[in-house]
Amino acid sequence: MMDDIFTHAFAIAVLAAAIRIATPLIFGAIGELVAESSGILNLSIEGTMTVGAFAGFAITGETGSLWLGVAGAVFAGGLMGAIMAFMCATVKVDQIVAGLALNLFGGGLSFFLFRTVFSDQASTGMRNVGVFKVPHFWGLSDIPWVGEIVFSQQWLTYVAFLSVPLVWLFLYKTRYGLELRSVGHNPSACDMRGISVPQKQYFATIFGGMMAGLGGGFLTLSTTGLWFPELISGRGWIALAIVIFGNWRVTWILAGAVFFGFLDGLQLSLQAVGFALPYQLLLALPFVLTVVALVVNRSRSNVPLSLAIPYRRGQR
Amino acid sequence: MTVSHDSPPPLLSVEHVTKLFPDVVANDDVTLDVRAGEVLCLLGENGAGKTTLVDMLYGVYHPDDGAILFHGEPLQIKSPGEAIELGIGMVHQHFELVTPMSTLENIVIGTDDARWANLPAARKKLEGLCEQYDIHIDLDTEVGMLSVGEQQWVEILKALYTDVELLILDEPTAVLTPQGIQRLFQFLRELKKNGVGIVLVTHKLWEVAEISDRVAVLRKGKLIDIVNTAETDTDELVRLMVGRDVVLQIDKEPAVPGPVVLHVDNIAAPGRSHRGAIKDVTFELRQGEILGLAGVSGNGQSALFDVLVGVNPPTAGTIHIADVDTTHVSPKKIAAAGLSAVPSDRIHQGVMMDFSVQENLILGRHRSSAFVSRGILKRRAIREFAFTAIKDFEIKTPSPVHKIRLLSGGNMQKVILARELMGHPPRVLVVHQPTRGLDIGASEYVRRRLVAERDRGAGVLLISEDLDEVFNLCDRVIVIFGGTIIGAVDPADANYEEIGLLMAGISNDSNGGGGSSS
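Note that this is a predicted model, so its numbers are computed, not measured.

*Asks:* Break down the interface of chain A and chain B for me, with residues and values.
*Replies:* Of the residues lining the interface, 21 residues belong to chain A; the matching set on chain B comes to 31 residues. Summing both sides of the interface, chain A and chain B together bury roughly 2,200 Å²; the carbon and sulfur share of this comes to 59%. When the area that chain A buries against chain B is broken down by residue, the three leading residues are Arg175, Met192 and Arg193 of chain A, summing to 37%. Taken together, chain A and chain B are joined by zero salt bridges. On the surface where chain A and chain B come into contact, there are ten residue pairs in polar contact (both at pLDDT 80 or more). Broken down by secondary-structure element, the contributors of at least two residues to the side of chain A that touches chain B are helix H9 (175-185) and helix H10 (187-191) of chain A. Of the residues contributing to the side of chain A that touches chain B, the split by class is six nonpolar, seven polar and eight charged.

Following this line, the structure appears as structure tokens:
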């Protein structure tokens, strides 16, 4: 068995899987980072990914177009974000309650629609809408190691990794990003400078929802071709944990997503060669490490200072 | 209303403005004007409606009735952003700063100069402003790491950055040393010369006399009068402000200090945030005296208060109440040793806002057999206790079961005082900013209570940033700076310059006293 583990093929399989598995986590976590930077704690990522995955599944199933499915996933995620933003930035309800409620809503709505629209498949077995082909880059994909690990991934995986530097540029190098982060720290100060707090929070939360929707869409349209209620299986919660684990910094969030992807990939490959490591251990690890990171970072936390606190003018 | 054509309209006119809040008329038919190149003081007690009025000028609120004219044109702004664009700047009473960001970032947000790589241009403009007005602020330091005095200048730079014609300052001197106030006033005079109209909100009379050209006095939302500063005096202003004659000086007998009741020896403790830790704090408090602890906010007062009441254990040193070592015991045991305390933040630390008056009156004492029997609260005993407290401490409340949230700040403070004093007269009474935000009547009441406690035989430690209060009330005064006791002053001299230097960290070695001199 040890011989199976210390082979090129095994290492390549684990590393390629790490990048693949990290993809939905990156979408979810990077989107959540933007939302939280504006002060909105959106706990509904899991439900939003479920909705996104279902939208991708349904639209591709109806139209036969995978790219239309991706657009549908993004749109549905954005709608979920818009509901969250409305509740938090306009009605100003408790964000924890709103997020948890929206989570249940997203999961329930998707399953309801699935049963209604695809009632025949629900009883007779699963329908597969198909997945994207892995693009082949002439030359690049044939490089040993690098080509097999990095240049043999899904289109959406490249999108996820590309979104990281773009979001970093946006948050830290543009006026809009600076103001968005300021809103997350002190909305009152921004209001007094003429910055519209709800506008920033709507933008950030809708963007976060779109990213989560895309993460869900990736799972359907790039890996399984299927939709079932447990498809997301906690990836939304892991994405939330990664934002905390990464101490609200883009680079650490990327590292966290890839690291958790690696753990999961390792677990899968070990199972494939019959290594009996309890998989629950690796499932629990993201949350354990997040708690550890919280303790380690407690004195230099980058948490937005007004996270989850509704802002009303004239109230302190 | 027509404006005559031979004189230009005033910079700003407020005409018959009324502002209603659900439970109070904040401004009632207020009419006044501000001219370019003058300082108009808005004078009034807490709750007189000063802040509401200036918030309307800045677009935070909108008048329910009446009009505001700027340059003779109706001012119809929905948000502070539009006010800034028109040339109206404001320095808020509670700073509006994004503490994890740099000075530069705090200043550019909301302006057009925040775009992409345009920060160098903003930096250049700011450096020019700093030079012009002789302001020394590091533009790249996180604002949260600056002292409160420096943060005030960041707020001022924010207003200047967008070219102000009208500058509003809401209680800007509360956090400054006497020297810092002089520096601010000098700056305001310079602005005045450049034709800027200035509105200064304050409740301090000497500030009015020192800086203003005219004074508008507000009382309970109404404009009482506008007078030329040169033609009035303190007595008249007080009468206008309060509506009756007030004795500003508290009469008290000379102190008769007894034995030491609180001995604080070389303690150190972390602060509530990055700033405000204490180190090597040593002093003694005697029975029958009021000891003042003066200092600019953020120099360790909160950490010291937390250590004394026991919520923040010291990392070094010892504390004794009379002969009992209370260095590392629980707040409950410290209270049992005879220490009562009144925190500075009434709303968050002093009371439970949604609890009733009577519940707040027994908070922390609810375990006493007077109020509880086998775990069941004695309703009748609590009610009787509450009625006594309401009578003895002149608490204005419709009933003991009224939510404390609905009381005024002064009445809340009376509830806290009653809780801390009734039934168990303390040996040591620690009060932190006990009159902050109270009107003159309630402040007078609190101060007289403190003197009464002293005369009864308690040792009173008054932690305050209000120098008038400190000089008025205390028998001895020590000054805290950077977390240590830097010196002592004699309150009988009331030397503002001397105490101001100490508050700024400039030590006077000749004056020993309570501090650890090294």
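*Asks:* Can you lay out the environment of Val39 of chain B for me, pointing to particular residues and giving the numbers?
*Replies:* Residue and element names in this part refer to chain B. Among the secondary structure elements, Val39 is positioned in strand E3 (residues 39-44). Residue Val39 is classed as buried on the basis of its relative accessible area, which comes to 0%. For the pair Val39 and Asn312, spaced 273 residues apart in sequence, the C-alpha to C-alpha distance is 44 Å. The contacts of Val39, once residues within four sequence positions are left out, are Lys192, Ile198, Leu200, Ile211, Ser212, Asp213 and Arg214.

*Asks:* Explain the nonpolar core to me, using residue names and the numbers behind them.
*Replies:* Core analysis: the largest hydrophobic core is formed by 112 residues, its most contacted members being Phe187, Leu188, Leu191, Leu237 and Ile499 of chain B. Residue contacts for Leu191 of chain B: discarding those within four places in its chain leaves Tyr133, Leu160, Leu167, Val196 and Ile198 of chain B. Among the nonpolar cores identified, the runner-up in size contains 54 residues, and Leu33, Val164, Val167 and Leu240 of chain A belong to it.

*Asks:* Please set out the sheet that holds strand E19 (residues 428-432) of chain B residue by residue, giving values where relevant.
*Replies:* Residues and elements named next belong to chain B. Pairing is mixed in the open sheet, where six strands are placed in the order E16-E19-E20-E13-E21-E22. Edge positions in the sheet fall to strand E16 (339-342) and strand E22 (484-489), since each has one partner strand and no second. The mean inter-strand angle of the sheet, taken between neighbouring strand axes irrespective of direction, is 20°. Pairing of E16 with E19, which is carried by four bridges, proceeds in the parallel orientation. Looking across to E19, one finds that Val342 is bridged to Val431. Where helix H14 (residues 409-421) meets the sheet, it contacts E16 and E19, and its direction lies at approximately 175° from that of E16.

*Asks:* Pulling in residues and values, what's your account of the side chain of Ser464 of chain B?
*Replies:* Residues and elements named next belong to chain B. Its place among the elements puts Ser464 in strand E20 (residues 459-464). Of the residues examined, Ser464 reaches a relative accessible area of 2% and is grouped as buried. A polar contact is formed between the side chain of Ser464 and the backbone nitrogen of Asp466, at a distance of 3.0 Å. Excluding its chain neighbours within four sequence positions, the residues that come into contact with Ser464 are Leu293, Ala294, Gly295, Gln433, Glu469 and Val470.

Cut-offs and rules
Residues numbered from 1 in each chain as written. Chains lettered and ligands numbered in written order. Predicted model: local features only at pLDDT ≥ 70, side-chain atom pairs only at ≥ 80, totals over all residues. Heavy atoms only, no water. Contact = heavy atoms within 4.5 Å. Buried area = accessible area lost by both parts, 1.4 Å probe. Salt bridge = Lys/Arg side-chain N within 4 Å of Asp/Glu carboxyl O. Polar contact = N/O pair within 3.5 Å; in protein donor to acceptor, adjacent residues only side chain to side chain. Helix = DSSP H or I, 4+ residues; strand = E, 2+ residues; numbered from the N terminus. Nonpolar A, V, L, I, M, F, W, Y, C, P; charged D, E, K, R; others polar. Buried < 20%, exposed > 50% of the residue type's maximum accessible area, 1.4 Å probe, protein only. Core = buried A, V, L, I, M, F, W, Y, C linked by side-chain atoms within 4.5 Å. Pairing = 2+ DSSP bridges. Axes fitted to C-alpha atoms, helices over the stretch in contact; angles between N-to-C directions.

By themselves, these figures tell us nothing about what the structure is for.
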